[in-house]
Amino acid sequence: MDYSPIVVQTAPSVSNITPTMLVALVILGGWLLTALAAPAIAPYDPDAIDIMNMLSPPSAAHLFGTDQVGRDVFSRVLFRKSGRSAAVRGRGASAPLDWHDDRAAERLFRRCGR
């Protein structure tokens, strides 16, 4: 029988955190805070339709403007980044790629599946 010692990997200690790890932790922490605070930060309901403000440019009332049906783009970005909208529709795995292109996420998942 082989009685070689079992090597157990442990998490890096605080003294071993590199600058890259610190930057990653700060970014992930920011995303987490944004996801948790999205309902409090968003000035409007992300799905509320306001036909009087369709395609409005950015202003004090709508920081990123409004889309084709008058929804506040800033509120939609906050809720989209938090993953709530994507998770409800069953697309939680592709939420980080939604800002770029849904088709890019589909191509990525197809490649990983092969």
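## Brief notes about the overall build of the protein chain
- Looking only at helices and strands, the protein chain features four helices and zero strands.
- Starting at the N terminus and ending at the C terminus, the protein chain contains elements arranged as α-α-α-α.
- Scored against the burial criterion, the 114 residues of the protein chain give a buried share of 21%.
- Of the contacts formed within the protein chain by residues at least 6 apart in sequence, a portion of 32% connects residues at least 24 apart.
- Carbon and sulfur atoms provide 66% of the accessible area of the protein chain, an area that totals close to 9000 Å².

## Remarks on the side chain of serine 56
- Along the chain, the position of serine 56 falls in the loop between helix 1 (19-41) and helix 2 (73-81).
- Only 3.0 Å separates the side chain of serine 56 from the backbone oxygen of asparagine 53, close enough to count as a polar contact.
- Ignoring any residue separated from it by four or fewer positions in sequence, one finds serine 56 in contact with Gly65 and Thr66.

## Overview of the packing of aromatic side chains
- As enumerated under the stated definition, the model contains one aromatic pair in all.
- With a centroid separation of 5.1 Å and an interplanar angle of 85 degrees, the aromatic rings of phenylalanine 64 and phenylalanine 74 are classed as edge-to-face. A residue pair is termed long-range when its members are at least 10 positions apart, and phenylalanine 64 in the loop between helix 1 and helix 2 and phenylalanine 74 in helix 2 qualify at 10 residues.
- Residue classification places phenylalanine 64 among the partly exposed positions, given a relative accessible area of 44%.
- Among the residues examined, phenylalanine 74 registers a relative accessible area of 16% and is labelled buried.

## Looking at unusual backbone geometry
- One non-glycine residue, leucine 55, lies in positive phi territory at about 55 degrees.
- Structurally, the position occupied by leucine 55 is in the loop between helix 1 and helix 2.

## So, the environment of phenylalanine 79
- Relative to the assigned elements, phenylalanine 79 resides in helix 2.
- Residues phenylalanine 79 and alanine 37, spaced 42 residues apart in sequence, show a C-alpha to C-alpha distance of 9.6 Å.

## Let's talk about the nonpolar core
- Among the nonpolar cores identified, the biggest contains five residues, and these are Ala38, Ala42, Phe74, Leu78 and Phe79.
- No other element matches helix 2, which puts three residues into this core.
- Every residue in contact with leucine 78, bar those within four places of it in the chain, is listed here: Thr34, Ala38, Ile41 and Ala42.

## So, the confidence of the model for the protein chain
- When the pLDDT values of the protein chain are averaged, the result is 77; 68% of them are 70 or greater.
- Helix 1 holds the highest mean pLDDT among the elements of the protein chain, 89, whereas helix 3 (residues 84-88) holds the lowest, 47.
- Between residues 85-91, whose pLDDT stays under 50, and residues either more than four places distant or in other chains, the model counts 11 contacts.

Conventions and cut-offs
Residues numbered from 1 in each chain as written. Predicted model: local features only at pLDDT ≥ 70, side-chain atom pairs only at ≥ 80, totals over all residues. Heavy atoms only, no water. Helix = DSSP H or I, 4+ residues; strand = E, 2+ residues; numbered from the N terminus. Buried < 20%, exposed > 50% of the residue type's maximum accessible area, 1.4 Å probe, protein only. Contact = heavy atoms within 4.5 Å. Areas by Shrake-Rupley, 256 points an atom, 1.4 Å probe, with all protein chains shown as cover. Polar contact = N/O pair within 3.5 Å; in protein donor to acceptor, adjacent residues only side chain to side chain. Phe/Tyr/Trp six-rings, centres within 6.5 Å; stacked < 30°, edge-to-face > 60°. Core = buried A, V, L, I, M, F, W, Y, C linked by side-chain atoms within 4.5 Å. pLDDT = per-residue confidence, 0-100.

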